[in-house]
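Results of the structural survey
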Amino acid sequence: MKYIDLHVHSNSSDGSDPPADIVKAAAASGLAAVALTDHDTVGGCPEFLEAARTFPELEAIPGVEISTMFGNRELHIVGLFLDHKNPELCSFLEEMRQNREIRNEAIRRKLNSLGYPLTWDHPALAAAGDTASIGRPHFARALMEDYGFPTLQSVFDKLLKRGCPAYVQRTLPDPVRAFDAIHAAGGVSVWAHPVYRERNERAWARRVMKRFAPLGLDAVEGYYSLFGPGETQMMIELAQIYELALSGGSDYHGRNSPNISLGIGAGRLRVPAELLSPLKARIPKNI
């Protein structure tokens, strides 16, 4: 059986690996397909697709992961099979980037006031480059380098996660705006890690799918690094009820999430390649 990984991050957002290295690793591991889904940016897609030309047996899928808000909870929407040059998508992501920059400056100022001064020319921040989507992991790595924190997680636990002194809430769009931008670019919208760390998991998943399946949600991740068999089976059942396709991926971030490996997650993940055809059947026909 062949396997795929449709949720992967590069150093164009909060991963550590260049897009070309992800392609090489996916080909070396025997994956049938891999999708680059950086946070709120398609900046790594040209390098990703160019590298894939060397590996014709590997299907390289340009994508994105967009953070949205439903009520008081974030929903992360992955877009797959995108035209990464589409003007409507690029305009939407530029708006997201500007909101992210406002938030980043607020985080930096909070860190300065807490006794952790950082400037934008710090190597961990400057190394992201013009095409990257800078986020909290970049700040965490800078703080590790300068202030002796042992791990990225330790920085989050003390300063950067929700409820901590340097946390700043982002301005996020409604999920339907993300669906529309993805569809404009000829893509398929997927609800990522749908029951990740949620308490009333089935009720929450049903609520979101019932609300958004008629409004442009195409699929849901049924296979994910932190899912056990129970979560996967629940997603398969609910996807059938709400007539959604299934997707899956590792949420690979390289050394920034060292317990997650490309293609196999924490070791047990296997996303069957047979999911590709139903996902492709959701690609908008009028694009």
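Residues numbered from 1 in each chain as written. Predicted model: local features only at pLDDT ≥ 70, side-chain atom pairs only at ≥ 80, totals over all residues. Heavy atoms only, no water.

**Quick word on the packing of aromatic side chains**
Tallied over the full model, the rule gives eight aromatic pairs. Between the aromatic rings of tryptophan 120 and phenylalanine 139, the centroid separation amounts to 5.8 Å while the plane-to-plane angle is 65°, which identifies the pairing as edge-to-face. Of the two residues, tryptophan 120 is situated in the loop between α3 (87-113) and α4 (123-126) and phenylalanine 139 in helix α5 (residues 136-147); the sequence distance between them amounts to 19 residues. Where tyrosine 224 meets phenylalanine 227, the ring centres are 5.5 Å apart and the plane angle is 65°; that geometry is what we call edge-to-face. The residues tyrosine 224 and phenylalanine 227 share a single accessibility class, namely buried. Ring pairing ties together the aromatic residues Phe70, Phe179, Trp191, Trp204 and Phe212, which thus form one cluster. Just above the ring of tryptophan 204 sits the side chain of arginine 73; from NZ or CZ to the centre is 4.1 Å. (Phe/Tyr/Trp six-rings, centres within 6.5 Å; stacked < 30°, edge-to-face > 60°. Helix = DSSP H or I, 4+ residues; strand = E, 2+ residues; numbered from the N terminus. Buried < 20%, exposed > 50% of the residue type's maximum accessible area, 1.4 Å probe, protein only. Lys NZ or Arg CZ within 6 Å of the ring centre and 35° of its normal.)

**Here we look at helix α7 (residues 175-184)**
Of all ten residues making up α7, seven are buried, and the element is well covered by its neighbours. Residues Pro175, Ala178, Phe179, Ala181, Ile182, His183 and Ala184 constitute the buried set of α7. For α7, the elements touching its buried residues are β3 (59-70), β4 (73-80), α3, β5 (188-191) and α8 (201-212). Sitting at the head of α7, aspartate 174 places a side-chain oxygen 2.9 Å from the backbone nitrogen of valine 176. Backbone geometry just downstream of α7 places glycine 186 in the positive-phi region, at approximately 75°. (Contact = heavy atoms within 4.5 Å. Polar contact = N/O pair within 3.5 Å; in protein donor to acceptor, adjacent residues only side chain to side chain.)

**Observations concerning the side chain of aspartate 251**
Along the chain, aspartate 251 falls in the loop between β7 (245-249) and β8 (271-272). A polar contact is formed between the side chain of aspartate 251 and the side chain of tyrosine 224, at a distance of 2.6 Å. In contact with aspartate 251, other than residues within four places in its own chain, are His7, His9, Glu65, His193, Tyr224 and Ile260.

**Observations concerning the pairing of strand β6 (residues 219-224)**
Across the six residues that make up β6, a large majority, six, are buried. Bridge count for β5 against β6 is two bridges, and the pairing is parallel. Counterpart to valine 190 in the pairing with β6 is alanine 219. Relative to β7, β6 runs parallel, the two being bridged by five bridges. Each residue of the ladder has a partner; that of alanine 219, found in β7, is alanine 245. Considered for its hand, the β-α-β crossover made up of β6, helix α9 (residues 229-241) and β7 is right-handed. (Pairing = 2+ DSSP bridges. Right-handed = clockwise from strand over helix to strand, strands pointing away.)

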